[in-house]
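If you want the building blocks of each chain, they are given just below.
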Amino acid sequence: MIDARQSNDDNPTRLDVVYDHLNTSDDARERLAKAKLAFHVNIPVRMDDGSLRTFEGWRVQYDDTRGPTKGGIRFHPQVTAEEVTSLSFWMTIKCAVVDLPFGGAKGGVNVDPKSLSRLELERLSRGYIRAVYDVVGPDRDIPAPDVNTNATIMGWMADEYAQIERRQVPAVITGKPLGLGGSEGRVAATGRGALQVLNIWAKREGKSPEDLTVAVQGFGNAGYHFARLAHEAGYKIVAVSDSKGAIYSDEGLDPEPIWRHKHKTRKLKGMVYCDASVCEEAAFDTLTNDELLELDVDILVLAALENVITKDNASKLKAAAILEIANGPVNFEADETLEDKGIAVLPDVLVNSGGVIVSYLEWVQNRSGDYWPQDVVEKRLAERLDREAEACFQLAADKKVSFRTAAYIQGIGRIAEAMGQRGTASYFGEQDGRKSA
Ligand code: GLU
C-alpha cells in the first residue's frame, strides 16, 4: 500500500518541507490532505462462457481547484482504493507542476487484464464508463490511459460515453485512437517528455548523451518509447527489463527490435538483429530485475510500478541519477537514503508529465475541432516542458532542495495561489473581525 502524502508522525513528511518553503495559508494544507471525491463501483461483466463476474473499480477526484480533474485508468490485479487515491494526488501535483488548467484524478479496476479475452476486456471497459458516467465529463473529470490500458480501450470508453449521451463527446477522454479524435504524438508522449527532462538535466550538469549509460526498468509503452528515443539521441541503453526478467549488453542495446521481438514472442529474453528484412536472434546476458536496479550505470530509469525503491534496496543502488517515469517508484523513506548517497532523483511529477501534457493538447483539439500535425503537437509539448522543467531545476538550485521538493513547491504553490484567490482564512478572518487580532 502507498500513501502519497507520506504522513508519519515521527518524520517530517515530503509535504511539510514543501509547505515550510511556501509559507502559504493553512487552507491548501487542509484541503490537500484529503480527496474531494472517491467513487467506488462494482462492475458486472458477462464472461465468454456465459458466467457473470463482478470487478471492483474506483475513480478518485483528488482536487479540482485549478480545473476539471484529469488522470488515467489502470487495470491491474493489485489496484486498491488507497493506490488510486495516491495516484490521484500525484496527478493533482503533476498537472500544476506543468501549469495545465486541470486538477487531478485517477481510476482503476482490480483485474488481471491478461486473463480476459478481447471481448471480455471490451465489456469491462464499457462497464467501467457506465458505472462512473455520473462523475466524468469534459468539464468535470477526463480519464486517459494508464498501466495496462491503451488507445483501443479509450476508444471503447469514449464510444460508450457517446452512446449514453446520444452524441459524440470526444473531449471526455484522452489517449483515443487517431480516427476517434485522438492526437498525433500521444502514444510516445510520456517517453518523449521524459527524455526531454533528462536532456535538460544533463545539459545543466555539463554532460552529453554519449557520456551516459542507461538501464531501463519497465518496458511498457512509456519505458519503450523513452528507450527508443534515448537510443536515437545517443544515450547508451545497456539494460532493459519487463516483469519476467532483464537483458544486458555492455555494447548497448537497440530497443526497437527488442520491442518487436517481445510483441511477437511475449519474451524479452532473446534479441533480434535486423539487417534489412533479415532478422536473426541472438542471446544477450540476462539479469534479474533486482540486478538491473543495482547496475553501475549513470541513469537508472524506473518505468514500471510504484514502490520499487524502498529503504531496503536504496542503499545498494550505484546509479548516479534516477529518472522516474512510473508514478511513485521511489518511496519516501528511500528518498532520504538516496539524498544521503548523493543520487539525484528526477521526480515523476515532472518527468512523466509529457503524457498528460499531450492529453491536454488532445482535449483542446477535441473542443476546438482544429486538429494539428505531429510537429505542432511535439513543439507545444517541448515548449511547455522546457519552460516548466527549467523553472523547477532553477528552483531546486535557488532553494537548495531536492528536485522532488522543488517540483512540489512549484505545483502546490500554484494550487495554493488558486485557493487563495477564492479567499483564505486570513481574508475571511479579517473581514468579520474575529481572527484579525
Ligand atoms: N496515466 C498518465 C499519467 O499518469 C496520463 C494521464 C492523462 O493523460 O490524463 O500521467
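Our subject is the structure that appears above.
Remember, it's a predicted structure, so these values are computed and weren't measured experimentally. (Residues numbered from 1 in each chain as written. Predicted model: local features only at pLDDT ≥ 70, side-chain atom pairs only at ≥ 80, totals over all residues. Heavy atoms only, no water.)

Caption draft 1: Broad picture of the nonpolar core. In terms of nonpolar packing, the biggest core is built from 80 residues, with W201, F226 and L323 touching the most fellow members. Other than its neighbours up to four places away in sequence, F226 contacts G191, A194, L195, L198, V214, V216, V301, L323 and I325. Ranked by size, the runner-up nonpolar core spans 26 residues in total, among them L124, Y128, V135 and W156. (Core = buried A, V, L, I, M, F, W, Y, C linked by side-chain atoms within 4.5 Å. Buried < 20%, exposed > 50% of the residue type's maximum accessible area, 1.4 Å probe, protein only. Contact = heavy atoms within 4.5 Å.)

Caption draft 2: Spatial organisation of a negative patch on the surface. Taken together, the side chains of D312, E333, E336, E339 and D340 make up a negatively charged region of the molecular surface. The topology assignment puts D312 in the loop between β12 (299-302) and β13 (321-324). (Patch = residues over 30% accessible without salt bridge, like charges linked within 9 Å, V, L, I, M, F, W, Y side chains within 5 Å. Areas by Shrake-Rupley, 256 points an atom, 1.4 Å probe, with all protein chains shown as cover. Salt bridge = Lys/Arg side-chain N within 4 Å of Asp/Glu carboxyl O. Lys, Arg positive; Asp, Glu negative; His and termini not counted. Charge placed at Lys NZ, Arg CZ, Asp CG, Glu CD. Helix = DSSP H or I, 4+ residues; strand = E, 2+ residues; numbered from the N terminus.)

Caption draft 3: Examining the packing of aromatic side chains more closely. Inspection of the entire model under this criterion finds nine aromatic pairs. Considering the side-chain rings of F102 and Y360, the 5.7 Å spacing of their centres and the 85° angle between planes classify their relative orientation as edge-to-face. One end of the pair, F102, is in the loop between α3 (81-97) and β4 (103-110); the other, Y360, is in helix α12 (residues 354-368), with 258 residues separating them in the sequence. Neither residue differs from the other here; F102 and Y360 are each classed as buried. Plain terms: the ring middles of F219 and W259 are 5.8 Å apart, the flat faces sit at 75° to each other, and that makes the pair edge-to-face. Here the residue F219 occupies a position in the loop between β6 (213-217) and α7 (221-232), and W259 occupies one in helix α8 (residues 255-265), the gap between them amounting to 40 residues. Take F219 and W259: they sit in the same class, and that class is buried. Chaining the aromatic ring pairs together yields one cluster made of F102, Y360 and W363. (Phe/Tyr/Trp six-rings, centres within 6.5 Å; stacked < 30°, edge-to-face > 60°.)

Caption draft 4: Region of interest: the environment of G342. Within the element layout of this structure, G342 appears in the loop between α10 (332-341) and β14 (344-346). Between the alpha carbons of G342 and E324 there is a distance of 16 Å; along the sequence they are 18 residues apart.

Caption draft 5: How the structure looks around helix α4 (residues 118-132). Between its first and last C-alpha atoms α4 spans 21 Å; for 15 residues at 1.5 Å apiece the expected length is 21 Å, and the two agree. Along α4, the residues classified as buried are E120, L121, L124, S125, R126, G127, Y128, I129 and V132. As for α4, its buried residues are in contact with β1 (37-46), β2 (52-63), β3 (69-76), β4 and α5 (151-165). (Expected span 1.5 Å × (residues − 1).)

Caption draft 6: Just the layout of surface pockets, in detail. Roughly 460 Å³ of internal volume is contained in the second largest pocket. Lining of the second largest pocket is provided by 20 residues; of these, D335, E336, E339, S402 and T405 occupy positions nearest its centre. If you tally residues by element for the lining of the second largest pocket, the top one is α10, at five residues. The residue inventory of the lining of the second largest pocket, partitioned by class, reads eleven nonpolar, four polar and five charged. (1 Å grid on protein atoms, 1.4 Å probe; cavity = no way out; pocket = protein on both sides within 12 Å on 5 of 7 lines; lining within 4 Å. Points joined across faces, edges and corners; volume = space filled by probe spheres on them. Nonpolar A, V, L, I, M, F, W, Y, C, P; charged D, E, K, R; others polar.)

Caption draft 7: How the structure looks around the sheet that holds β6. Strand order across the open sheet formed by seven strands is β11-β8-β7-β6-β12-β13-β14, with mixed pairing between neighbours. Of all the strands in the sheet, the pair left with one neighbour each is β11 (285-287) and β14. For this sheet, the mean angle separating the axes of adjacent strands, direction not counted, is 20°. As defined by bridge partners, β13 adjoins β14 across three bridges and the pair is classed as parallel. Paired with I322 across the strands is V345, a residue of β14. (Pairing = 2+ DSSP bridges. Axes fitted to C-alpha atoms, helices over the stretch in contact; angles between N-to-C directions.)

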